[in-house]
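Chain residues, written in single-letter form:
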Amino acid sequence: MAADADFEALGLLVGLEGQARQERVDLINWLLDRGFELDHIRGSVGAPLNLASSRVIGDDGTCVSAREICRSAGVDLAFLQRIHRAIGLPRIDDPDAANLLLADGEAAVQARIILDLGIDPDEVIAVLRVMSESLGHTAAVMREAALKAILRPGATEIEVAEAIEALALRAAPSFGPMMEALLRLELRRSFAIEAVTAAERAAGILPGARPVTVCFADLTGFTMLGEQLPPEDLERVANRLAELAHDVSSVPVRFVKSIGDAVMLISFEPVPLVDVVLDLADAAAANDLPPLRIGIASGCAVSRAGDWFGSPVNVASRVTTVAGPGVVLATASTRDAVGTAGDFTWSSIGPRQLRGVSGDITLFRVGRPVSQLT
């Protein structure tokens, strides 16, 4: 067993005193007994609790150079640099220094698989960037869920490290199949919803701008609520809105994203979206959430990297800001797109000037017939 003085000299006990210091000494000795090198522990001085579990999911402390990664993957250094920027890895300053984690290098060079499909390098980088952003959110939520499951009052550092490692050992074999199944599902859904048209086949280009109906819904008074509730409770409120939006959405309506206290939905068919939006407003009220402000607009927009861009996106967002609590407002473009379809009530509130939108926009308050509400 190594002495405290050795750990002190290596900077492993900085700022620790009393029980916390002793627990860290015990943890370091526990890691050494499990085969970890001191250099590896020093490299993770900020989070030694996670070393054992990180080894389960690929971090064995082995480092390689960027040059070695390029040779093994068959990619040039410039492209590897772009990969690193896209997935949030450190910039490569010395390509011959063995300072890149092998596990990270292996993850980065998976881009070669997409390149070999004949995909343009710029598009490969775009795919990696979006995947990294999405998986970053996934990993954060998974970490929080795991810690909630294993943490208990008074647990020592070794007890927490053992619990995290045990959970990782049970969960790691399912990561690959689970992610693959979900990716396949999303690809099927994407191809089903965004079918390639005859004109696009003839032109041989990506689907361009097309008619869509867009909705934003946000929680009234969320900023003020942030002054009254603890951050954890505020997070639960925002998450509940996202859950409800997922629950009420079904093809052809698609949940696009959540943005803090707001959610964005989109559909190629206006009637189902209006129906879903009214259901969402009712669901929020039934779940004791703050009233929703909802804005809907229709027009041509383009989809790129899972997000949407164009006038109806901007207008729907602006309409939301002028909607009152519990009110669903739609533009004349949506009213015209719905026509006589759907069982809705429409009440014109006249033209409004929206910030950042040129010209006046005629708005309608949308609801359900009284017979449906009783």
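Residues numbered from 1 in each chain as written. Predicted model: local features only at pLDDT ≥ 70, side-chain atom pairs only at ≥ 80, totals over all residues. Heavy atoms only, no water.

### What about the overall build of the protein?
Our working definition: Secondary structure elements follow DSSP: runs of H or I no shorter than four residues count as helices, runs of E no shorter than two count as strands, and numbering proceeds from the N terminus. Radius of gyration means the value over C-alpha atoms here, while the globule rule gives 2.2 Å times the residue count to the 0.38 power. Throughout, exposure labels follow a simple rule: accessible area from a 1.4 Å probe, protein chains only, divided by the maximum for the residue type, with under 20% read as buried, over 50% as exposed, and the rest as partly exposed. Note on contacts: a residue pair qualifies if any of its non-hydrogen atoms lie within 4.5 Å across the two residues. For the area figures, the Shrake-Rupley method with a 1.4 Å probe applies, and any residue is considered shielded solely by the protein chains shown. Neither His nor the chain ends is counted toward charge; the positive residues are Lys and Arg and the negative residues Asp and Glu. For the purpose of locating charges, the reference atoms are NZ of Lys, CZ of Arg, CG of Asp and CD of Glu.
What the protein contains, in helices and strands, is 17 helices and 10 strands. In summary, the protein has a C-alpha radius of gyration of 26 Å against a globular reference of 21 Å for 374 residues, an excess of more than 25%. Once the C-alpha set of the protein is aligned to its principal axes, its extents read approximately 80 × 55 × 35 Å. Counting across all 374 residues of the protein, residues that qualify as buried make up 36%. A sequence separation of at least 24 residues applies to 61% of the contacts in the protein between residues at least 6 apart. Entry remark: accessible area of the protein is about 20700 Å², with carbon and sulfur atoms responsible for 56%. Taking the average place of the 33 positive charges on the side chains of the protein and the average place of its 49 negative ones, the gap between the two points comes to 6 Å.

### Some details on the side chain of Asp59
Stated formally: What counts as a salt bridge is simple: a side-chain nitrogen of Lys or Arg found within 4 Å of a carboxyl oxygen of Asp or Glu.
If you trace the backbone, Asp59 turns up in the loop between helix 4 (51-56) and strand 1 (63-64). Here Asp59 sits buried without a salt bridge, and the closest side chain of opposite charge, Arg55, lies 8.7 Å off (N-O distance). Residues within four places of Asp59 in sequence aside, it is in contact with His40, Ser54, Leu101 and Ala103.

### Description of the pattern of salt bridges
Here the structure, examined in full by the defined rule, presents 14 salt bridges. The salt bridge involving Arg24 is made with Glu157; its shortest N-O contact spans 2.9 Å. Remark: Glu157 occurs in helix 10 (residues 157-193) and Arg24 occurs in helix 2 (residues 18-33); sequence separation between them is 133 residues. Owing to a relative accessible area of 14%, Glu157 belongs among the buried residues under this scheme. The residue Arg240 makes a salt bridge to Glu243 at a minimum N-O spacing of 2.9 Å. One end of the pair is Arg240 and the other is Glu243, both in helix 13 (residues 231-248) and 3 residues apart, which spans about a single turn. Classification of Glu243 by relative accessible area gives partly exposed; the value is 40%. Taken together, the shared-partner salt bridges in this structure form one network comprising Asp275, Asp279 and Arg368.

### Digging into the pairing of strand 10 (residues 360-367)
Rules: Strand pairing follows a simple DSSP-based rule, namely that at least 2 bridges must link the two strands.
Strand direction decides the pairing type here: strand 8 (residues 328-331) and strand 10, joined by 3 bridges, are antiparallel. Counted as the bridge partner of Thr331 is Leu363 from strand 10. Where strand 9 (residues 345-353) meets strand 10, 8 bridges bridge the pair, whose relative direction is antiparallel. Bridge assignment links Trp346 to a residue of strand 10, and that residue is Val366.

### Remarks on the nonpolar core
To keep things clear, this is the line we draw: Only buried residues count toward a nonpolar core. Its members are Ala, Val, Leu, Ile, Met, Phe, Trp, Tyr and Cys residues joined through side-chain atoms within 4.5 Å.
By size, the foremost hydrophobic cluster in this structure holds 35 residues, and its most contacted members are Val263, Leu280, Leu292, Ile294, Ile296 and Val366. Elements with a minimum of two residues in this core: strand 3 (210-219), helix 12 (222-228), helix 13, strand 5 (262-267), helix 14 (270-286), strand 6 (292-304), strand 8 and strand 10. If you tally residues by element for this core, the top one is helix 14, at 8 residues. When near neighbours in sequence (up to four residues on either side) are disregarded, Leu292 contacts Ala217, Asp218, Leu219, Thr220, Leu241, Leu280, Ala281, Ala284, Gly324, Pro325, Gly326 and Val327.

### Details of unusual backbone geometry
Comment: phi is negative for the bulk of residues other than glycine, and the bulk of peptide bonds are trans. A cis amide bond links Val251 with the next residue in sequence, Pro252, at an omega value of 15°. With respect to the element layout, Pro252 can be found in the loop between helix 13 and strand 4 (254-259). Look at Asp288: it is not a glycine, yet its phi comes out positive at around 60°. Looking at where Asp288 falls in the secondary structure, it is placed in the loop between helix 14 and strand 6.

### Some words on a nonpolar patch on the surface
Which entries qualify depends on this criterion: A residue counts toward a patch only above 30% relative accessible area and without a salt bridge, and it is joined to like-charged neighbours within 9 Å or, for Val, Leu, Ile, Met, Phe, Trp and Tyr, to nonpolar neighbours within 5 Å.
A cluster of nonpolar side chains, namely Val127, Met131 and Leu135, defines an oily patch on the protein surface of about 230 Å² accessible area. Along the chain, Leu135 falls in helix 9 (residues 121-150). Exposure remark for Leu135: the relative accessible area of 41% places this residue in the partly exposed category.

### Let's talk about the packing of aromatic side chains
Applied cut-off: Between rings of Phe, Tyr and Trp, where Trp is taken as its six-membered ring, a pair exists when centres lie within 6.5 Å; planes separated by under 30 degrees are stacked, by over 60 edge-to-face, and by other angles tilted.
As enumerated under the stated definition, the model contains 3 aromatic pairs in all. With a centroid separation of 6.3 Å and 85° between ring planes, the pair formed by Phe344 and Trp346 is classed as edge-to-face. Each member of the pair Phe344 and Trp346 is classed as buried. On the basis of an interplanar angle of 85° and a centroid distance of 6.4 Å, the ring pair of Trp346 and Phe364 is categorised as edge-to-face. Residue Trp346 is located in strand 9, and its partner Phe364 is located in strand 10; the two are separated by 18 residues in the primary sequence. Across the pair, exposure class does not vary: Trp346 and Phe364 are buried alike.

### Some remarks on the environment of Leu49
Tracing the backbone through its elements, the reader meets Leu49 in the loop between helix 3 (38-43) and helix 4. Taking relative accessible area as the criterion, Leu49 reaches 24% and is therefore assigned partly exposed. Spatially, the C-alpha atoms of Leu49 and Arg170 are 18 Å apart, while their sequence positions differ by 121 residues. Those residues in contact with Leu49 that lie beyond four places of it in its chain are Leu27, Glu157, Val160 and Ala161.

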